[in-house]
Amino acid sequence: MEKSLVKTPLRKLRRRGTKRSWRLKQKLKLTWKSIKIQVRSHLPGAFLSTKKRLTHVKSRNQEQELAQVARKICKISNDSTSSLAFLLQLPKYSATDFLDRGDLMTPAASPRENISKMWRELHGSKNWENILDPLHPWLRREITKYGEFVESVYDSLDFDPLSEFCGSCRYNRNKLFEELGLTRHGYKVTKYIYAMSHVDVPQWFLSSSLGETWSKDSNWMGFVAVSGDRESLRIGRRDIVVAWRGTVTPTEWFMDLRTSKEPFDCESEHGKRVVKVQSGFFSIYNSKSELARYNKESASEQTMEEVKRLVKFFKERGEEVSLTITGHSLGGALALMNAYEAARDVPELSGNVSVISFGAPRVGNLAFKERLNSLGVKVLRVVNKQDIVPKLPGIVFNKVLNKLNPITSKLNWVYRHVGTQLKLDVFSSPYVKRDSDLAGSHNLEVYLHVLDGFHRKKSGFRVNARRDVASVNKSTDMLLDHLRIPECWYQVAHKGLILNKQTGRWVKPVRAPEDIPSPLSTGPKLIYSS
C-alpha cells in the first residue's frame, strides 16, 4: 500500500514533465515557423520568383493551420494578447506600417465580386439567415459600403461654429464622392436632405455663432444617391440609397432623451394599437415651416419625393429597383421612419426595402415594430456590445421589462427594437486600447473597423482584415499608442484658413458659388450612367 501511494504521484509528475517539455518544443517549433512565414510574407512580390510566389500563397494557408494547432497547444488566458495563438493569427501593425511606401502597400479595400445572383439574400430577403455567423464576405463589404456613405456625411459636414455655413455640406452634390474618394462605389448623389425641429432637441443640431448664417433653423442631414450602370450590373439591380447622419456631439445627450411618443401613422392602427415613435425623432423627420428657407418641405417630404421620382424613372425602363436606407445613431432612427413610409407609399418597392443601421437607438412602440414587419421592411442593426445608445431610450426601464418578457411582450407603450441584430465587440480588435473611453464605441469609424475584423462570434479578429486601421482615430483616441496615429486627426487643413500669397495673411476662404447650400431641388432631370 505504501509503495503504491508513493509511486502514483511520481508517475503523475513524470507525465506532467513530459507534457510540459513536449508543449515547449511545439511552441518553439511553431514560433520559428511563424517567424519564417512572417518574413517571407512581408517580402514585396516583385522580388519573388514564380516558385517563391506559390510558396508565399501556401504560407498564408499554413499560417492559418498553425494558428489552429496553437490554440490546442496553448492555454488561452483572459489576456489573449499574451498567447502564442493570438500572435500567430493576427497581422502585427507597427508605426512603420503607416509610412507611405507607394505601390508596395497592401490595398485598404478588398476586391468586389459580382453579387447579382445573391443580391436578395444580401439585401435581407431571408432576414440574413445563415450569412451573419459566420459573416459572409460579400455581406461584410456591402454593409461597409453603406456605412461609408453615412461616414461621408460626417466627413463633409461643416461643424465650425465660426463658419457662416455651419451645419451645411462643404461640397455640392456633384463632387461629394469625388472629394471623399468614394467614386469607387459607383453611385451618384441626386439630392441633399435638410431637416429642422419644432421641439427642443439638446445639441442635436449645429448652429453658427455668427449673426449672418446660411440658415438659422436647418441642418444638412444626408442625401439620396443611386447606383450607376456598372455598379447596378455588379449588384444585380438599380439601388437607391438614402444616407442619414447622426449627431457630432458626445453621446451624453442621449441621456436627456425624453421618452414621450408621438403618433407616427394616424391613418394606420395595427391591431387597434396606434403606431407611435419618440417625439424628438418624429419632430426632426417631419418638421417644416414656410418661413424656413431650406425646410418649406420636411425631411420626410424631401426624401419621399426624390425616392418616388427615381423609382418611377427606372421602373419605366423595366429595371429591378431596391431601396437601401442607412444611418448611424440618430440617423438610424430616421432611417426606420423613412423605410416605413417608403414601404407604405411606394408599392413598386414591395419586398425590396431594407435598412442597415449602426448604433441606432430604439424608435417606436410595439405597433411600430409590427407594422414595419407587416410592410416587409428588412432591418439589420449593427451594434457594438459596449455602445450605450442602442439601449436607449429607457435603458433601465426596458431592461427590467425584458426580464419580465412573458408578461410585458405585448405592452404597446414600451420601446421596441426592430429587425435582426449583428452584435460586435470593440475589444475584439487588437489595435484598440483596453482602457478606451466607452463613448468612442459609438463612433461610426470604430464600428466599421470592428465589422471589418468580424468573422463569427467565437473567433478572433480576422487575419485578412483590409480596412485602414488609422481611420479609427479620425475623431477618437482609441488606437494603441505604439501605432503613433494622432488622436482626432481628421480636420480641415489649418482649420479652414488659407494663406493669401499676395498679402501674406491667413484668411477664411470664400466658398465657391456651386458649394453654397441651395434650397432648390437638386435632383437631376436625367440619370447619368457611371
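Residues numbered from 1 in each chain as written. Predicted model: local features only at pLDDT ≥ 70, side-chain atom pairs only at ≥ 80, totals over all residues. Heavy atoms only, no water.

- Per an unreviewed UniProt entry, the protein chain goes by Fungal lipase-type domain-containing protein and derives from Brassica rapa subsp. trilocularis.
- Recorded in UniProt under Subcellular location (unreviewed entry), the annotation for the protein chain is "Plastid, Chloroplast".
- On record in UniProt, under Sequence similarities (unreviewed entry), the comment for the protein chain is "Belongs to the AB hydrolase superfamily. Lipase family." (UniProt positions renumbered as here; feature names shortened; annotations may be inferred.)

## Some points on the packing of helix α5 (residues 137-155) against helix α14 (residues 444-453)
Part 1: Contact geometry of α5 with α14 gives a least axis separation of 10 Å together with a crossing angle of 165 degrees. Classified by the interaxial angle, the pair formed by α5 and α14 is roughly antiparallel. The two elements α5 and α14 cross, and the hand of that crossing is left-handed. Contacts between α5 and α14 involve Arg140, Ile143, Thr144, Gly147, Glu148, Val150, Glu151 and Tyr154 from the first element and Leu444, Glu445, Leu448, Leu451 and Asp452 from the second. (Axes fitted to C-alpha atoms, helices over the stretch in contact; angles between N-to-C directions. Helix = DSSP H or I, 4+ residues; strand = E, 2+ residues; numbered from the N terminus. Parallel < 35°, antiparallel > 145°, perpendicular 65-115°, else oblique. Left-handed = near helix turned anticlockwise from the far one by under 90°. Contact = heavy atoms within 4.5 Å.)

## Some points on the packing of aromatic side chains
Part 1: Here the structure, examined in full by the defined rule, presents 17 aromatic pairs.
Part 2: A centroid spacing of 6.3 Å and a plane angle of 85 degrees characterise the contact between Phe264 and Phe282, whose relative ring orientation is edge-to-face. Taken together, the residues Phe264 in the loop between β4 (261-263) and β5 (269-270) and Phe282 in helix α8 (residues 279-286) connect sequence positions 18 residues apart.
Part 3: Members of the aromatic cluster, joined through ring pairs, are Trp244, Phe264, Phe282, Tyr285, Tyr340 and Phe368. (Phe/Tyr/Trp six-rings, centres within 6.5 Å; stacked < 30°, edge-to-face > 60°.)

## Focus on the packing of α8 against helix α10 (residues 330-345)
Part 1: At a minimum axis separation of 10 Å, α8 and α10 run at an interaxial angle of 65 degrees. By the angle between their directions, the pair α8 and α10 is classed as roughly perpendicular. Like other packed secondary-structure pairs, α8 and α10 cross with a definite hand, here right-handed. Counting all contacts with α8, which are made through Phe281, Phe282, Ile284 and Tyr285, the residues of α10 involved are Leu330, Ala333, Leu334, Met337, Asn338 and Glu341.
Part 2: Here the residues of the contact of α8 with α10 sort into eight nonpolar, one polar and one charged. (Nonpolar A, V, L, I, M, F, W, Y, C, P; charged D, E, K, R; others polar.)

## With respect to α14
Note that an α-helix has 3.6 residues per turn; residues three or four places apart therefore point the same way.
Part 1: Extensive coverage of α14 is indicated by the burial of ten of its ten residues.
Part 2: If you check which residues of α14 are buried, you get Leu444, Glu445, Val446, Tyr447, Leu448, His449, Val450, Leu451, Asp452 and Gly453.
Part 3: Where the residues of α14 are buried, they touch α5, β8 (321-328), β9 (353-358), β10 (378-384) and β11 (420-424).
Part 4: Between the side-chain oxygen at the start of α14 and the backbone nitrogen of Glu445 there is a gap of 2.9 Å, and the oxygen is on Asn443. (Buried < 20%, exposed > 50% of the residue type's maximum accessible area, 1.4 Å probe, protein only. Polar contact = N/O pair within 3.5 Å; in protein donor to acceptor, adjacent residues only side chain to side chain.)

## Description of the pairing of strand β2 (residues 219-227)
When a strand is regular, its side chains alternate between the sheet's two faces.
Part 1: Here β2 lies mainly inside the structure; nine of its nine residues are buried.
Part 2: Sheet topology places strand β1 (residues 187-195) next to β2; eight bridges connect them, and they run antiparallel. Across the sheet, the residue bridging to Tyr194 is Trp220, located in β2.
Part 3: As paired elements, β2 and strand β3 (residues 238-244) share five bridges and run antiparallel to each other. Each residue of the ladder has a partner; that of Gly222, found in β3, is Trp244. (Pairing = 2+ DSSP bridges.)

## Digging into a positive patch on the surface
Part 1: A cluster of basic residues, Lys385, Lys391, Lys423 and Lys457, forms a positive patch on the protein surface.
Part 2: Here Lys391 is to be found in the loop between β10 and α12 (395-403). (Patch = residues over 30% accessible without salt bridge, like charges linked within 9 Å, V, L, I, M, F, W, Y side chains within 5 Å. Areas by Shrake-Rupley, 256 points an atom, 1.4 Å probe, with all protein chains shown as cover. Salt bridge = Lys/Arg side-chain N within 4 Å of Asp/Glu carboxyl O. Lys, Arg positive; Asp, Glu negative; His and termini not counted. Charge placed at Lys NZ, Arg CZ, Asp CG, Glu CD.)

## With respect to the pairing of β3
Part 1: Of all the seven residues making up β3, seven are buried; the element is thus mostly covered by neighbouring parts of the structure.
Part 2: Both faces of β3 are covered, namely the face carrying Arg238, Ile240, Val242 and Trp244 and the face carrying Asp239, Val241 and Ala243.
Part 3: Relative to β8, β3 runs parallel, the two sharing seven bridges. Paired with Arg238 across the bridge in β8 is Val321.

## A word on unusual backbone geometry
Part 1: The linkage connecting Asp133 with the following residue, Pro134, adopts the cis geometry, with an omega of 5 degrees.
Part 2: Here Pro134 is to be found in the loop between α4 (119-122) and α5.
Part 3: At the junction of Leu392 and Pro393, the peptide bond is cis and its omega measures out at -5 degrees in the coordinates.
Part 4: By the secondary structure assignment, Pro393 is in the loop between β10 and α12.
Part 5: Phi at Asn130 is positive, roughly 70 degrees, even though this residue is not glycine.
Part 6: Within the element layout of this structure, Asn130 appears in the loop between α4 and α5.
Part 7: One non-glycine residue, Lys495, adopts positive backbone phi at about 55 degrees.

## As for the sheet that holds β11
Picture the strands of a sheet paired through backbone hydrogen bonds; they go either parallel or antiparallel.
Part 1: A sheet is described by the order of its strands in space; here seven strands give the open sequence β1-β2-β3-β8-β9-β10-β11, paired in mixed fashion. In this open sheet, the two edge strands, each paired with only one partner strand, are β1 and β11. Across the sheet, the mean angle separating the axes of adjacent strands is 15 degrees when strand polarity is ignored.
Part 2: Taken strand by strand, helix α9 (residues 299-315) contacts β1, β2, β3 and β8, and its axis lies near 155 degrees from that of β1.
Part 3: Across the sheet, α10 touches β2, β3, β8, β9 and β10, and the angle it forms with β8 is around 155 degrees.

## A short note on the pattern of salt bridges
Part 1: Applying the stated criterion across every chain, the model contains 29 salt bridges.
Part 2: Residue Glu341 is joined to Arg344 by a salt bridge in which the shortest nitrogen-to-oxygen separation is 3.9 Å. With a gap of three residues between them, Glu341 and Arg344 both fall in helix α10, about one helical turn apart.
Part 3: Judged by relative accessible area, which is 10%, Glu341 ranks as buried.
Part 4: With a shortest N-O distance of 3.3 Å, Asp477 and Lys433 are connected by a salt bridge. Note that Asp477 is positioned in the loop between α14 and β12 (498-500) and Lys433 in the loop between β11 and α14, a separation of 44 residues in sequence.
Part 5: What makes Asp477 partly exposed here is its relative accessible area of 34%.
Part 6: According to the relative accessible area criterion, Lys433 is buried, its value standing at 13%.

## Some points on the nonpolar core
Note that soluble globular proteins tend to have their nonpolar side chains buried in a common cluster.
Part 1: Formed by 59 residues in total, the largest nonpolar core has its most connected members in Ile143, Leu176, Phe223 and Leu422.
Part 2: Counting residues per element, this core draws most heavily on α5, which supplies seven residues.
Part 3: Those residues in contact with Leu422, other than ones at most four positions away along the chain, are Leu132, Leu135, Ile143, Leu380, Arg381, Val382, Val383, Leu451 and Phe454. (Core = buried A, V, L, I, M, F, W, Y, C linked by side-chain atoms within 4.5 Å.)

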